[in-house]
Amino acid sequence: MSDELIGIIASILLQASPLIIAVCGETLTERVGVVNLSLDGSMLLSAMTGFIAAYKTGNLAFGFLMAAAVGAFFALIVALASIRLRQSQVAVGFVLTLLGDDLSAFLGQNFTRLPGPTVQKLAIPGLADIPILGPILFQQNLIVYFAILLTFATWWWLFKSRPGLRLRSVGERPEAAFARGVDVNRVRYLYTLIGGGLVGVAGAAYSLGVKIGWSEGHTRGLGWIALAIVIFGGWSPIRGALGAILFGATKALATVLQRTFPEVSVVAFNALPWLLMILVLLVVSSDITDRLIALSPRPMQRPLRRLLKVSPPKALGTELVEG
Amino acid sequence: MRIPPQLERIWPSMPVIGALLFTSVLLLLFGASPLESYAAMWEGAFGTQAKLLSVIAFWIPLVFSSAGLLLTFKAGLWNIGIEGQIILGSIGASWVALNVDAPSYLLIPLAILASMIAGALWAALTGLLKTRGGVHEIFGGLALNNLAIILTNFLISGPWQPPEGGTFRGTQPFQDGVLLPRFADSRFSPLSLVLLVVAYGLVVLALRNTFWGLKLKALGQNARSAFLLGVSSNREAVIAMMFCGALAGLGGGVRVLSWFDSLRQSISGGIGYLSLLVVMLAQFRLLWVPLIALFFSVVLNGSITLQLRTQLHSSLGGILTGITVLFMLLFGDAKRLGFNTLSEEDDDE
Amino acid sequence: APAATPEPAAEAEPFKFGLVLVGPRNDRGWSQAHYEGGLYVEENMPGAEMILFELLNPADKPEATLEGVVDDMVADGAKLIFTTSDEFEEDTLGVAEKYPGITFINVSGDDALTGEAPANLGNIMGRMEDMKAVAGCAAALATQTGHIGYLGPLINFETRRLTASAYLGARYCYENYRELNADDLEFTVTWIGFWFNIPGVTLDPTEVTTNFFDTGVDVVMSGIDTTEGIDVAGQRAAADEVVWAVPYDFEGACETAPFICLGVPYFNWGPAYLETAAAVNDGSWKQSWDWNPPYWEDLTDNSRTAAGWVNGEGLAAELQAHLNDFISGLASGDINVWSGPINLQDGSEYIAAGAVASDSEIWYLPQLLEGMEGPSE
Amino acid sequence: MRVELNNIRKSFGSVHANDGISMTLESGRVYGLLGQNGAGKSTLMKILAGYQSADSGEIRLNETLTQFDSPAAALRAGIGMLYQDPLDFPPFSVLENFQLGRREGIFLDQKTASRELLALGKRYNFDVDLDERISNLSPGERQQLELIRLLAGGANVLILDEPTTGISSEQKQQLFDSIRKLAREENKTVILVSHKLSEVQELCDHVFVLREGQLAGKSEIPCPMDKLVKLMFAKMPPRSKRPAYKFGQAVLDVRDLHVETYRLRTENLNFSVRAGEVLGLAGLEGSGQDLLIKALAGLLTPKSGEVLLRGEDITRRPFHQRQRAGIAYVASGRLEEGLIADLSLVEHMVLSTEKPGFLVNWERAGEATQDRIAKYQVVGQPASRAKQLSGGNQQRFLFAMLKPALKLILMEHPTRGLDIRSANWIWDLLNKRRDEDTAIIFYSADLDEVIERSDRIAAFSGGVMSRMVNAAETSVDELGHLIGGQQ
Ligand SMILES: Nc1ncnc2c1ncn2[C@@H]1O[C@H](COP(=O)(O)OP(=O)(O)OP(=O)(O)O)[C@@H](O)[C@H]1O
Ligand SMILES: Nc1ncnc2c1ncn2[C@@H]1O[C@H](COP(=O)(O)OP(=O)(O)OP(=O)(O)O)[C@@H](O)[C@H]1O
Ligand SMILES: [Mg+2]
Ligand SMILES: [Mg+2]
């Protein structure tokens with residue numbers, strides 16, 4: 001593998017890392033049945049908060065902490081509105097999306113494009129020297145390591161731990177989970193908040209490490225992308241992480257293609273990520289895929305369906321009907 | 001707990017009052033006087049005839065798309081793609097403006113028709129993605145919004161660029177014949193107001209008194225049952241989207257044909273998202289929609305003067321409108337907060 | 001008009017002028033440069049007072065129009081209004097007709113040149129082409145990999161000629177000071193699609209710059225309004241990579257990562273704005289289309305130059321010497337990077353050997369040049 | 001364990017679901033809990049099982065006053081409930097489902113759990129595949145699994161809410177055997193909630209009867225049927241008569257039909273149904289009868305074969321065209337499938353009108369609805385919302401919306417959850433339809449209903465349709481064999 005390719009892959013991983021963190025967070029939230037649609041606004045506001053907090057104190061950890069708090073606060077509003085007030089999660093999430101955008105622009109207006117502290121690369125001794133894998137995986141910064149660990153930790157927590165089993169049960173059938181002794185609302189609040197906190201961390205990961213600095217609309221659109229990737233990922237963190245990397249790769253591709261095909265309008269390549277988004281969502285949710293799978297040889301059908309199709313947690317977006 | 005009746009009467013205005021308080025705190029934090037700021041806002045919206053006309057001119061496309069959203073919301077659809085539908089409407093009108101040569105009395109209807117068709121077709125895409133492809137309208141719509149902006153950029157920097165070369169500024173100004181006649185040198189065109197009144201009346205009629213409106217309502221509440229009761233759920237969903245797209249497109253058309261005089265880089269700039277807020281705040285009370293849209297238009301137009309005076313970021317207007325809707329969702333319904341109220345009946349229309 | 005009673009203290013007489021920005025006043029790029037220009041007027045002209053309006057663009061403010069903003073400015077007493085983007089060209093024409101008693105300056109437009117403008121509308125622009133050549137030279141002097149990346153905004157005549165100037169400057173210095181074959185110099189242009197990043201609509205300049213460095217580029221030159229290029233370069237340098245950046249537009253743009261900044265070609269609007277304001281104030285202003293040159297004696301003299309170049313900390317001392325040679329060559333006219341032979345990107349001859357490109361040949365450059373990699377339209 | 005319920009009260013708004021109920025249950029016995037729809041059976045049991053809390057009243061276990069805040073707490077105290085619709089998790093594996101709710105640390109102890117589950121399976125004679133998904137199990141298997149889980153959780157009092165609704169007679173026997181064994185050998189207290197008198201007679205030692213939220217009476221078993229019926233209904237419900245009927249010509253012909261989803265396929269379907277005939281389909285849930293009904297309704301596209309309606313090929317016609325051609329489909333879900341909770345009855349009526357015109361005349365529609373609900377004795381006003389009707393009235397209203405002169409009515413579980421009186425009423429309506437030459441095809445999990453209401457019956461097993469049997473000549477036993485896949 002050429003050094004160039006290794007470099008490009010390493011950069012894609014870096015660019016994808018905040019997205020992976022956000023996807024893990026939202027996956028947790030949606031797995032308990034709550035849709036936190038506010039991601040785009042929440043990420044902007046936490047990117048702004050994280051940057052200012054770190055800029056003012058010079059302390060990166062404090063920046064991340066404040067960002068997580070902002071993300072969790074937005075998530076708390078969504079959770080309160082849907083669990084306690086029985087409001088539409090989509091409505092509240094959408095309003096928060098717009099609000100987060102405007103608030104971040106307003107509150108961050110005096111901190112535009114300032115040079116601030118950034119997360120630095122930290123090669124892992126020993127591992128960093130492995131050919132190919134070393135530069136891709138182990139000569140990165142803490143954000144990348146966190147994203148990778150978080151992906152596997154979330155996966156393990158969801159599918160291999162007892163709290164994870166309870167978590168999933170709430171998203172599948174809250175009334176049955178209640179009958180098994182799970183405090184449904186508490187679990188919902190808990191993971192909505194944790195998920196929101198991770199979204200906040202993702203925002204700060206942008207302003208402090210991946211798209212450094214703050215400017216109005218700094219991460220606009222990426223929250224929506226994360227929400228779409230959660231679906232594409234079939235509510236599984238590992239698949240979601242792969243989705244985030246795929247998205248990063250498409251964007252890198254758009255840059256490269258411009259040089260390869262100078263005769264095509266520059267604008268056209270900018271459409272690529274959005275076309276990809278429609279396409280993958282079509283593949284995972286369309287009946288057409290079902291019909292195509294049905295045409296394949298029978299033994300192939302089950303693995304194909306597992307690969308291509310996803311189904312959401314049954315109670316996603318619903319409220320608990322209490323006894 | 002029971003809240004006192006005096007409080008209950010003013011409860012519906014709590015969100016607005018709360019939002020004003022919230023923004024006041026923000027203003028104080030940034031060293032501006034809230035009273036002066038709101039006065040500047042007032043002046044910016046009503047200070048002169050020109051300002052008032054500008055408020056109305058901005059209000060018209062906002063009500064067009066809000067009216068469209070009444071249809072899709074009724075059908076249970078989250079038409080976030082409305083922003084793209086507005087943009088496509090303006091592209092449709094621009095196509096006529098740039099390519100058709102005809103007298104004004106033909107050109108204007110043609111441009112308006114083209115804007116409606118373009119908006120409707122773009123909306124149909126979201127609808128088909130949902131009904132045939134299972135892609136949730138929020139995501140289909142969002143992707144199409146961005147694609148619509150990218151398409152505009154492609155057009156103004158490529159095929160429709162002005163003769164002196166594309167700069168992303170916009171196309172060259174349209175021929176005069178296609179521009180809507182404007183009132184007193186403003187951007188407000190009385191013709192668009194007439195169209196708006198007619199369109200809004202039709203939407204109200206459709207929702208209240210037609211079989212189609214009933215089908216949308218059924219679809220919005222329970223698609224499966226509606227289907228079994230004989231409603232062609234997929235078809236009605238796509239049709240609702242298309243009518244909404246047509247209205248939004250018309251709004252976009254009005255924007256290029258009277259607010260601007262050419263296709264610009266960002267023709268809508270969030271009017272669609274704003275109309276989603278309008279309809280959410282109105283909660284299906286049909287007559288409230290135009291009033292709330294007017295309130296929003298006043299706030300936003302007023303915040304231009306506010307910005308000029310206080311040098312504070314203009315997102316303040318967006319914050320004020322967003323917080324109002326959020327507070328309404330959170331605190332607007334005293335019953336949900338666990339208070340007892342006098343009136344127990346629920347008002348849906 | 002009412003017969004004016006003579007004011008006693010002419011010195012303190014207030015003079016209000018408006019400044020309309022397309023971006024935020026603190027973008028460390030195009031808009032901030034204008035904002036500093038406005039501040040310069042306030043500082044140097046007694047009684048001058050700026051009325052600022054930033055972020056006037058339909059994406060940020062669908063409800064705002066230049067007309068509405070100008071109405072407010074005039075109502076608040078502005079006598080002179082600068083509209084600082086070619087985005088505002090059309091609308092400035094409109095308000096100039098509406099307010100014949102107010103003077104308007106549209107920056108980077110050409111209505112005063114073409115004769116479309118009414119008598120109260122003028123244009124100002126700084127001559128950036130030569131500064132871009134200087135910037136290109138600095139990049140060529142520094143590059144170790146022989147590969148320069150140019151972060152382009154959108155494609156039009158202005159951006160093509162600026163990019164081409166940078167390339168020609170780079171070629172000249174690569175050949176004459178580095179004594180390497182200029183044909184070996186790689187120069188890649190990637191256009192993001194707009195003057196600044198619009199998420200989801202343009203390419204993300206952060207990612208484009210990252211990609212440059214991943215593909216062998218070690219100097220990134222910026223042609224966009226904002227500072228992502230140098231931000232990323234600084235981040236990479238902190239991880240011990242050998243990279244440099246040349247930002248654009250604003251004198252202070254090196255600040256995010258001074259150590260790897262080779263220098264910045266910048267606009268200095270202050271003197272032109274001051275001159276205009278003074279002329280409007282004493283009634284001597286006349287319509288003109290000003291394409292203001294750099295002050296060659298001292299490119300960092302902000303009281304004189306319209307387009308400047310300031311060396312960055314990243315430019316090593318011996319390279320600075322070469323660069324100074326190059327600058328004095330340009331100043332004296334000994335060096336003209338626009339002398340033939342120059343071929344267009346498709347290989348056709350544009351400027352014959354021995355000939356020198358005219359102003360209009362430079363202004364209306366139809367394509368990028370042979371040797372530059374990247375789309376021309 | 002001795003269970004005492006004292007003066008339990010619970011109301012939902014103005015409905016007194018439980019209006020001061022007291023009873024005492026001893027260990028080692030099987031109790032029946034009888035009552036018509038809405039009598040308050042489930043509510044009482046949910047209170048006992050900690051799923052709902054009573055407004056007032058007390059629960060004593062072995063003389064100690066107890067209060068549960070959750071079903072899990074009740075189970076810890078030894079009370080476990082098997083809900084009518086098993087509260088398990090379809091996408092989970094059998095093992096995961098079993099582990100959920102057990103008290104363990106952070107780590108899932110797969111080894112212990114699987115050992116325990118396999119041992120229990122062996123003890124109660126039940127094959128367990130740990131990795132199978134719950135959604136792939138039959139309702140009977142899911143019940144067994146829940147039962148095992150409750151027992152593993154230490155349940156001494158077992159409440160079974162209508163456990164025989166979705167299962168075959170063989171599975172029913174197996175279940176009853178286990179219940180007897182649990183009571184006799186392991187000294188557990190078992191409560192069987194049901195409206196089926198025969199089941200109670202067969203299994204129970206004692207019976208309590210509820211009526212309108214109150215205890216109407218109790219009795220030892222055996223006890224004369226008439227007495228139980230009187231307790232349940234206050235007066236005897238009229239037995240609906242099945243008028244003899246002469247069938248007309250074939251309404252529906254099905255030829256070589258092949259329907260398939262990725263879970264199941266059913267093929268070689270060949271039969272016809274004549275005007276006025278009632279065809280009953282028997283079989284475990286999800287054995288293919290549902291595919292057939294959906295294919296006939298136009299909700300599933302067949303792979304191959306033909307469906308003829310009065311000789312006309314309708315195989316590829318979509319649902320709505322078939323509706324217009326005279327096929328009605330009544331799904332089992334009521335408020336999920338068929339009615340719209342927040343719409344008024346007039347609005348429903350207008351929606352189901354064939355050619356309503358562009359503008360709606362609300363006044364006329366209101367009058368028409370008034371007529372219709374009077375005729376079908378629906379308790380409600382034209383302006384009432386569907387969700388305000390009771391279950392039985394919702395079902396009646398669904399039938400009230402059926403158009404006149406239908407060719408074919410397709411139904412899933414037409415009387416699921418209804419008591420005998422409401423069920424009789426519905427079938428009387430349906431039987432009248434036969435005079436209009438309407439054919440009826442339905443399936444039901446209740447074998448008695450299938451035998452009693454059909455003219456001919458076909459059973460489904462794993463997607464295979466059995467031969468047709470004549471309802472008058474068949475027995476539950478024969479059907480049981482057919483459902484088991486034996487011809
Ligand atoms: N809500 C739903 N529930 C179940 N199936 C549905 C639903 N909506 C659509 N379908 C399925 O999709 C198919 C197409 O439905 P659609 O409503 O689009 O019909 P159509 O093309 O409009 O035709 P028609 O004229 O019969 O209404 C139906 O035949 C049905 O099988
Ligand atoms: N969550 C609830 N909210 C409102 N009313 C309820 C609720 N649960 C039960 N009811 C009402 O309480 C009464 C008793 O209901 P319950 O479910 O206990 O009856 P049941 O005897 O189990 O009837 P069935 O045989 O139909 O299952 C009914 O009128 C029912 O409508
Ligand atoms: Mg249909
Ligand atoms: Mg019950």
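Structural data are supplied above this passage.
Residues numbered from 1 in each chain as written. Chains lettered and ligands numbered in written order. Predicted model: local features only at pLDDT ≥ 70, side-chain atom pairs only at ≥ 80, totals over all residues. Heavy atoms only, no water.

Caption draft 1: Layout of the overall build of chain C. From N to C terminus, chain C includes 11 helices and 15 strands. Here the C-alpha atoms of chain C give a radius of gyration of 21 Å, agreeing with the 21 Å that 2.2 N^0.38 yields for 377 residues. Along the first, second and third principal axes, the C-alpha set of chain C runs to 70 × 45 × 40 Å. Out of the 377 residues belonging to chain C, those deemed buried represent 63%. Put simply, 67% of the contacts in chain C that link residues at least 6 apart link residues at least 24 apart. As displayed, chain C has an accessible area near 13,000 Å², and 48% of this comes from carbon and sulfur atoms. In chain C, 15 side chains carry a positive charge and 61 a negative one; their mean positions are 4 Å apart. (Helix = DSSP H or I, 4+ residues; strand = E, 2+ residues; numbered from the N terminus. Rg over C-alpha atoms; globule rule 2.2 N^0.38 Å. Buried < 20%, exposed > 50% of the residue type's maximum accessible area, 1.4 Å probe, protein only. Contact = heavy atoms within 4.5 Å. Areas by Shrake-Rupley, 256 points an atom, 1.4 Å probe, with all protein chains shown as cover. Lys, Arg positive; Asp, Glu negative; His and termini not counted. Charge placed at Lys NZ, Arg CZ, Asp CG, Glu CD.)

Caption draft 2: Just the interface of chain A and chain B, in detail. The interface is formed by 42 residues belonging to chain A together with 41 residues belonging to chain B. For the pair chain A and chain B, the summed buried surface comes to about 3,600 Å²; carbon and sulfur atoms form 80% of the total. Linking chain A with chain B are 0 salt bridges, by the criterion used here. At the surface where chain A touches chain B, the tally comes to 7 residue pairs in polar contact (both at pLDDT 80 or more). Secondary structure elements with two or more residues in the side of chain A that touches chain B: α3 (60-84), α4 (89-107), α10 (222-232), α12 (266-270), α13 (272-285) and α14 (287-295) of chain A. (Buried area = accessible area lost by both parts, 1.4 Å probe. Salt bridge = Lys/Arg side-chain N within 4 Å of Asp/Glu carboxyl O. Polar contact = N/O pair within 3.5 Å; in protein donor to acceptor, adjacent residues only side chain to side chain.)

Caption draft 3: Inspection of the arrangement of the chains at higher detail. Taken together, the 5 pairs of chains in contact show their highest number of contacts between chains A and B. Nowhere do chain C and chain D come into contact; their C-alpha atoms are at least 36 Å apart.

Caption draft 4: Structural context of the sheet that holds strand β20 (residues 464-470) of chain D. All names here are of chain D. If you walk across this open sheet you meet the 6 strands as β16-β17-β18-β13-β19-β20, and the pairing is mixed. The sheet is open, and its two borders are formed by β16 (327-330) and β20, each paired with just one other strand. Across the sheet, the axes of successive neighbouring strands diverge by a mean angle of 15 degrees, strand direction being ignored. Direction of pairing for strand β13 (residues 278-283) relative to strand β19 (residues 456-461): parallel, over a ladder of 5 bridges. (Pairing = 2+ DSSP bridges. Axes fitted to C-alpha atoms, helices over the stretch in contact; angles between N-to-C directions.)

Caption draft 5: Quick peek at the packing of aromatic side chains. Residue and element names in this part refer to chain C. Throughout the structure, instances matching the rule amount to 38 aromatic pairs over all chains. Relative to W291, the ring of W289 has its centre 6.1 Å away and its plane inclined at 40 degrees; by these criteria the two rings are tilted. Classification of W291 by relative accessible area gives buried; the value is 14%. With 6.1 Å between their ring centres and 75 degrees between their planes, W289 and W363 make a pair best called edge-to-face. With W289 in strand β11 (residues 289-292) and W363 in helix α11 (residues 359-363), this pair connects stretches of sequence that are 74 residues apart. (Phe/Tyr/Trp six-rings, centres within 6.5 Å; stacked < 30°, edge-to-face > 60°.)

Caption draft 6: Seen up close, the site of ligand 1. Near ligand 1, the surroundings consist of R132, A223, R224, F227, S232, S233, N234 and R235 of chain B together with G298, L299, P318 and H320 of chain D. Of the chains in the model, those with residues near ligand 1 are chains B and D. One of the side-chain nitrogen or oxygen atoms of R224 of chain B is found 2.7 Å away from a nitrogen atom of ligand 1. Protein chains bury 72% of the 620 Å² of accessible surface belonging to ligand 1 in isolation. Mapped by element, the contributors of at least two residues to the shell around ligand 1 are α10 (223-228) and α11 (233-259) of chain B. For the shell around ligand 1, a count of residues per class yields 4 nonpolar, 5 polar and 3 charged. (Near = heavy atom within 4 Å. Nonpolar A, V, L, I, M, F, W, Y, C, P; charged D, E, K, R; others polar.)

Caption draft 7: Representation of the interface of chain A and chain C. With 32 residues of chain A at the interface, the matching set in chain C holds 42 residues. At the junction of chain A and chain C, the tally comes to 5 salt bridges. One salt bridge connects D204 of chain C with K211 of chain A, and the closest N-O pair in it is separated by 3.0 Å. For the interface between chain A and chain C, the tally reads 14 residue pairs in polar contact (both at pLDDT 80 or more). Considering every element that reaches the side of chain A that touches chain C, the biggest residue donor is helix α11 (residues 237-260) of chain A, with 7 residues. Its residues assigned to classes, the side of chain A that touches chain C comprises 12 nonpolar, 12 polar and 8 charged.

Caption draft 8: Geometry of the sheet that holds strand β15 (residues 372-373) of chain C. Residue and element names in this part refer to chain C. One open sheet holds the 5 strands; their spatial order is β9-β8-β6-β7-β15, and the pairing between them is parallel. The open sheet has two edge strands, β9 (244-246) and β15, and neither has a second partner. As defined by bridge partners, strand β6 (residues 147-152) adjoins strand β7 (residues 186-191) across 6 bridges and the pair is classed as parallel. Looking across to β7, one finds that G152 is bridged to W191. Of the strands in this sheet, β6, β7, β8 (219-222) and β15 touch helix α6 (residues 157-176), which is tilted by about 160 degrees from β7. Of the strands in this sheet, β6, β7, β8 and β9 are in contact with helix α7 (residues 205-214), which crosses β6 at around 170 degrees.

Caption draft 9: The arrangement of the packing of helix α6 (residues 104-131) of chain B against helix α7 (residues 137-157) of chain B in detail. Residue and element names in this part refer to chain B. Relative to each other, α6 and α7 sit at 145 degrees, their axes nearing to 9 Å. Relative to α7, α6 is oriented so that their crossing is right-handed. Residues W122, L125, T126, L129 and K130 of α6 lie in contact with α7, whose contacting residues are E137, G140, G141, L144, L147 and A148. (Left-handed = near helix turned anticlockwise from the far one by under 90°.)

Caption draft 10: Region of interest: the environment of I245 of chain A. All names here are of chain A. As for its position among the elements, I245 is in helix α11. Distance from I245 to Q15, taken between C-alpha atoms, is 8.2 Å for residues 230 residues apart in sequence. In contact with I245, other than residues within four places in its own chain, are I12, L13, A16 and I20.

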